[in-house]
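Descriptive analysis of the structure
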Amino acid sequence: EVYGLPAEQVEEILHREFPGKVNTVGRSFGVFKVHGTGGHDLDVSLPRTESKVAPGHAGFAVTGDPFLPFAEAARRRDFTVNALAADPATGEILDAHAGRDDLESRTLRAVHVRSFPEDPLRVWRAVQLMARLGFTVEPRTTDLLRTMVDGGELEHLSRERVTEELRKLLTGAERPSAGLAFALRIGSVESAFPELAALAVT
């Protein structure tokens, strides 16, 4: 995430440093993908804000702003442990939302209670992350997830996005059952897969 430079200048630098490797499809969102740097793809983005304009995971208007304060830019993240950043020049860890404390206590906590429910994919992200990482979901965030499920938000998700999160759960967690038990608890299994919920032993 690059601060202090407009998108045009960031793009110019990337093309100069990585000729033929820059994908600019996400330019309108302030995101550039650099292919094959050190064997990996690298996402380079501007700080940005997101405004909910339509239902579902993709229903956001995104505005890039290179001069956005870090705390505000990080507020669009889902969980506090995903809102951390490191300054590569100084090594300083940037933590505007107490993510290090939650990392230490292995806790998933919503960054912002008002914007968190705007993205229904976060229900399944919570399920797979808590199982893969062995984290707990703090009570207020659990309540937010349950409210999203009860409000029918999962109906706006594509099958592909849900499948990808479930793939991470089933292939990446030592105990996928922990995630499935949590999904049952917040109602997401019954909402998205009622045939599986019917098989659950209570």
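Refer to the structure printed above.
Below, the structure is looked at part by part.

So, how was this worked out
- Sequence order sets the numbering: in each chain, residues are counted from 1 along the sequence as written.
- Owing to the predicted nature of the model, reporting of local features is limited to residues with pLDDT of at least 70; listing and counting of side-chain atom pairs is limited to 80 or more, with chain, interface and lining totals taken over all residues.
- Side-chain descriptors were evaluated using all non-hydrogen atoms of the structure, hydrogens and water having been removed beforehand.
- Working definition: helices are DSSP H or I runs of at least four residues, strands are E runs of at least two. Numbering for both runs from the N terminus.
- Using C-alpha atoms as the atom set, the radius of gyration is obtained and then compared with a globule rule of 2.2 Å times the number of residues to the power 0.38.
- Any two residues whose heavy atoms approach within 4.5 Å at even a single point are treated as in contact.
- For every accessible area listed, the method is Shrake-Rupley and the probe measures 1.4 Å; residues are considered covered only by the protein chains on display.
- Charged residues are defined here as Lys and Arg on the positive side and Asp and Glu on the negative side; His and the ends of the chain fall outside this count.
- The atoms used to mark charge sites are NZ of Lys, CZ of Arg, CG of Asp and CD of Glu.
- Throughout, nonpolar core names a set of buried Ala, Val, Leu, Ile, Met, Phe, Trp, Tyr and Cys residues whose side chains join them through atoms within 4.5 Å.
- Exposure categories follow from relative accessible area, calculated using a 1.4 Å probe and restricted to protein chains: below 20% of the type maximum is buried, above 50% is exposed, and the middle band is partly exposed.
- Only one rule defines a salt bridge in this text: a Lys or Arg side-chain nitrogen within 4 Å of an Asp or Glu carboxyl oxygen.
- Each axis is a line fitted through C-alpha atoms, taken for helices only over the stretch in contact, and angles between the N-to-C directions span 0 to 180 degrees.
- Oblique is the label for any angle not covered by the other classes, which are roughly parallel (under 35 degrees), roughly antiparallel (over 145) and roughly perpendicular (65 to 115).
- In this scheme, a crossing is called left-handed if the near helix is turned counterclockwise away from the far one by less than a right angle; it is called right-handed if the turn is clockwise.
- An expected span of 1.5 Å times one less than the residue number is assigned to each helix.
- Comment: arc refers to directions from the helix axis out to C-beta atoms.
- We call two strands paired when DSSP finds no fewer than two bridges between them.
- Any pair of N or O atoms that falls within 3.5 Å is considered a polar contact. Within protein, one atom must be able to donate a hydrogen and the other to accept it, and sequence-neighbouring residues count only if both atoms are side-chain atoms.

A tally of regular secondary structure across the protein gives 9 helices and 9 strands. Relative to the 2.2 N^0.38 estimate, which gives 17 Å for 202 residues, the radius of gyration of the protein is 18 Å and therefore close to what a compact globule would have. In the protein, of all internal contacts separated by at least 6 residues, the share reaching a separation of at least 24 is 58%. Summed over its atoms, the accessible surface of the protein is roughly 11500 Å², and 53% of this surface lies on carbon and sulfur atoms. Distance between charge centres in the protein, computed from 24 positive and 30 negative side chains, equals 2 Å.

If you look at the biggest cluster of nonpolar residues, it comprises 29 residues, and the most contacted ones within it are Leu108, Trp124 and Leu145. Contributions of two or more residues to this core are made by helix H4 (121-133), helix H5 (139-150), helix H6 (159-172) and helix H7 (176-186). The leading source of residues in this core is H4, at 8 residues. The next biggest cluster of nonpolar side chains, apart from the first, holds 8 residues, and it includes Val10, Val34, Val44 and Leu46.

Take the pattern of salt bridges next. Once the charged atoms of two side chains with opposite charge are near each other, the side chains can pair. Counted by the stated rule, this structure contains 10 salt bridges. The shortest N-O distance in the salt bridge between Glu17 and Arg16 comes to 3.7 Å.

Turning next to the packing of H4 against H5. Contact geometry for H4 and H5: axes closest at 9 Å, N-to-C directions at 135°. By the criterion of interaxial angle, the relationship of H4 to H5 is oblique. At the point where H4 passes H5, the crossing takes the left-handed sense. Residues Arg122, Val123 and Ala126 of H4 form the contact with H5, whose participating residues are Leu145, Met148 and Val149.

All right, on to H6 then. Compared with an ideal rise of 1.5 Å per residue, which puts 14 residues at 20 Å, H6 spans 19 Å between its outermost C-alpha atoms and is within 8% of the ideal. Along H6, the positions that sit buried rather than exposed are Val162, Glu165, Leu166 and Leu169. Seen end-on, H6 carries its buried residues on one side only, within an arc spanning 95°. More than 90 degrees from the buried face of H6, the exposed residues found are Glu160 and Thr171. At its buried positions, H6 is contacted by H4 and H7.

Inspection of the sheet shows strand S1 (residues 22-23) paired to strand S2 (residues 31-37) by 2 bridges, in the antiparallel sense. Directly across from Asn23, in S2, lies its bridge partner Lys33. In this sheet, strand S3 (residues 40-45) lies alongside S2 in antiparallel orientation, the contact comprising 5 bridges. Bridged to Val34 within S3 is Leu42. Between S2 and S3, which pair antiparallel one after the other, the connecting turn spans 2 residues, and Gly38 there sits at a positive phi close to 65°.

Turning next to the sheet that holds S1. The strand order across the open sheet formed by 3 strands is S1-S2-S3, and the pairing between neighbours is antiparallel. The open sheet terminates on both sides in strands that have one partner only, identified here as S1 and S3. Sheet strands in contact with helix H1 (residues 7-17) are S1, S2 and S3, and its direction is about 10° off that of S2.

If you check H5, its first and last C-alpha atoms are 16 Å apart, about what 12 residues at 1.5 Å a residue would give, namely 16 Å. Every buried residue of H5 is listed here: Thr141, Thr142, Leu144, Leu145, Met148 and Val149. One side of H5 carries all its buried residues, which in axial view fall inside an arc of 160°. Turned more than 90 degrees away from the buried face of H5 sit Pro139, Thr147 and Asp150, all of them exposed. The N-capping residue of H5, defined by a side-chain oxygen 3.2 Å from the backbone nitrogen of Arg140, is Glu138. Downstream of H5 by one or two residues, Gly152 has phi in the positive range, about 80°.

Note that every value here comes from positions in space, so none of it alone points to a role or purpose.
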